[in-house]
Amino acid sequence: MAEPESEAAADAPLYLRVAAALREDLAHRRISPGSRLPSERSLSQRYHVNRQTVRSALQLLRDERLVVTDRRGTFAAAGAGGEPLVPALTARRPTFPGGPRAAEALVRASLTWEPPPTPLAPRLLLTPGEPTLVHRHVVLGPQGAALQRAVSWFSRPAVAEIPQLARYRRGRDCRQQPDLRLLYHWMHQAGLRITHRESVGVPPGPTTTPAGGAARLIVHRVVSDQHGHALEITDIDFSAQSAAWTYEFSA
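Student: Explain the overall build of the protein chain to me, please; I cannot follow it from the model alone.
Tutor: Looking only at helices and strands, one finds six helices and eight strands in the protein chain. For the protein chain, the N- to C-terminal ordering of α and β elements is α-α-α-β-β-β-β-β-α-α-α-β-β-β. The burial tally for the protein chain puts 41% of its 251 residues in the buried class. A separation of at least 24 residues holds for 59% of the contacts in the protein chain among residues at least 6 apart in sequence. Total accessible area on the protein chain stands at roughly 13500 Å², and carbon and sulfur atoms take up 52% of it.

Set out below in structure tokens:
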């Protein structure tokens, strides 16, 4: 079985490196479709990590439908005809704005610490005027025109309960091009069972972009925990002819 890829940066979470190694084994049939994976204890010894790290890696693979778990253990999933399910064919969690391309030249992202719009404050469990973590993300076209803009506000519980967000508290370490692409995995690691609710609409006023002609759409996303409390509220405004919006979810 392959060891975690050396190209995975040293600062990548350990559970992602373990998941990458197992995913490689599944893709190359070093673990045959339908066969049982080693125990959590064996995997923790193999990769020199604790069992919670192994559990997080296996949960990620379950989310990707690459493995299934029952009372007998965890097994490699099989597609139609016995073919292994590869990541490109599996359903994934919705991607946080910015996603894997947050560091590319035509994308600009930033974090600030500021109050949300007054109507959002109670939904984020904040008092009016109380600041919180805000993420802004812009996708630029070849000529520099904004094709997509997104702004996300995080609730008080999100900043308090997700360690990777807590480090940005009160503006600390709020640098340009922040990498929040693992946000929903961080939520899972924090023990949060999340629900995504999204609505799509046409903004009021002119329905074309300043660049000319393209229809605009608004996506409003609310990510809530198992208690129904909002963790993140995001508004995305994009040109329908210049950017695609794909909504995928897992039950």
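Don't stop here, the text continues.
Student: I'm lost on the side chain of S44 in this one. Help?
Tutor: Structurally, S44 can be placed in helix 2 (residues 40-47). Residue classification places S44 among the buried residues on the basis of a relative accessible area of 10%. Looking at S44, its side chain comes within polar contact range of the main-chain oxygen of R41, at 2.7 Å. Those residues in contact with S44, other than ones at most four positions away along the chain, are V49, N50, R51 and V54.

Student: Would you mind showing me how to read the pattern of salt bridges here?
Tutor: Between side chains of opposite charge, a pair can form as their charged atoms come close. Tallied over the full model, the rule gives seven salt bridges. In this structure, the salt-bridge partner of R221 is E198, at a minimum N-O distance of 2.5 Å. Of this pair, R221 sits in strand 7 (residues 216-224) while E198 sits in strand 6 (residues 195-201), placing them 23 residues apart in sequence. For the residue pair R221 and E198, the accessibility class agrees, reading buried in each case. Residues participating in the shared-partner salt-bridge network are E40, R51 and R55.

Student: Quick question: what am I supposed to make of the packing of helix 2 against helix 3 (residues 51-63) here?
Tutor: For any two helices packed against each other, the geometry comes down to the angle between their axes and how far apart the axes lie. Across the interface, helix 2 lies against helix 3 with an axial gap of 9 Å and an inter-helix angle of 105 degrees. By the criterion of interaxial angle, the relationship of helix 2 to helix 3 is roughly perpendicular. Where helix 2 abuts helix 3, its residues E40, R41, L43 and S44 lie against R51, V54, R55 and L58.

Student: Hey, could you run me through helix 2 in this one?
Tutor: In an α-helix, one turn spans 3.6 residues; hence positions three or four apart end up facing the same way. Taken as a whole, helix 2 has its buried residues at L43, S44 and Y47. Projected onto a plane normal to the axis of helix 2, the buried residues spread over an arc of 100 degrees and lie on a single side. Exposed residues pointing more than 90 degrees away from the buried face of helix 2 are listed as R41 and Q45. Buried residues belonging to helix 2 abut helix 1 (14-27) and helix 3.

Student: Looking at this structure, how should I read the environment of L133?
Tutor: Mapping L133 onto the fold places it in strand 4 (residues 132-140). In this structure the C-alpha to C-alpha distance between L133 and P115, which are 18 residues apart in sequence, comes to 8.4 Å.

Student: Help me understand the sheet that holds strand 7, please; the structure alone is not making it clear to me.
Tutor: Pairing between the strands of a sheet is mediated by backbone hydrogen bonds and can be parallel or antiparallel. An order of 3-4-5-8-7-6 is seen for the six strands of this open sheet, with the pairing classed as antiparallel. With one partner strand each, in any of the chains shown, strand 3 (107-114) and strand 6 form the two edges of the open sheet. In this sheet, adjacent strand axes meet at a mean angle of 15 degrees when their direction is disregarded. For strand 7 and strand 8 (residues 230-239), the ladder comprises nine bridges, and the chain directions are antiparallel. Its bridge partner being in strand 8, L217 is matched across the sheet by F238.

Student: I keep staring at the environment of L126 and nothing clicks. Help me out?
Tutor: Tracing the chain through its elements places L126 in the loop between strand 3 and strand 4. Using a relative accessible area of 7% as the deciding quantity, one classes L126 as buried. A sequence separation of 29 residues divides L126 from S155, and the C-alpha atoms of the two residues are 7.2 Å apart. With sequence-adjacent residues up to four places away left out, L126 is seen in contact with P116, A121, P131, T132, F154 and R156.

Student: Just to check I follow, could you spell out unusual backbone geometry for this structure?
Tutor: Apart from glycine, the bulk of residues carry a negative phi angle, and the bulk of peptide bonds sit in the trans form. Residues other than glycine seldom take positive phi values, yet R29 does so here, at roughly 60 degrees. One can find R29 in the loop between helix 1 and helix 2.

About the criteria used
- Residues numbered from 1 in each chain as written.
- Predicted model: local features only at pLDDT ≥ 70, side-chain atom pairs only at ≥ 80, totals over all residues.
- Heavy atoms only, no water.
- Helix = DSSP H or I, 4+ residues; strand = E, 2+ residues; numbered from the N terminus.
- Buried < 20%, exposed > 50% of the residue type's maximum accessible area, 1.4 Å probe, protein only.
- Contact = heavy atoms within 4.5 Å.
- Areas by Shrake-Rupley, 256 points an atom, 1.4 Å probe, with all protein chains shown as cover.
- Polar contact = N/O pair within 3.5 Å; in protein donor to acceptor, adjacent residues only side chain to side chain.
- Salt bridge = Lys/Arg side-chain N within 4 Å of Asp/Glu carboxyl O.
- Axes fitted to C-alpha atoms, helices over the stretch in contact; angles between N-to-C directions.
- Parallel < 35°, antiparallel > 145°, perpendicular 65-115°, else oblique.
- Arc of directions from axis to C-beta.
- Pairing = 2+ DSSP bridges.

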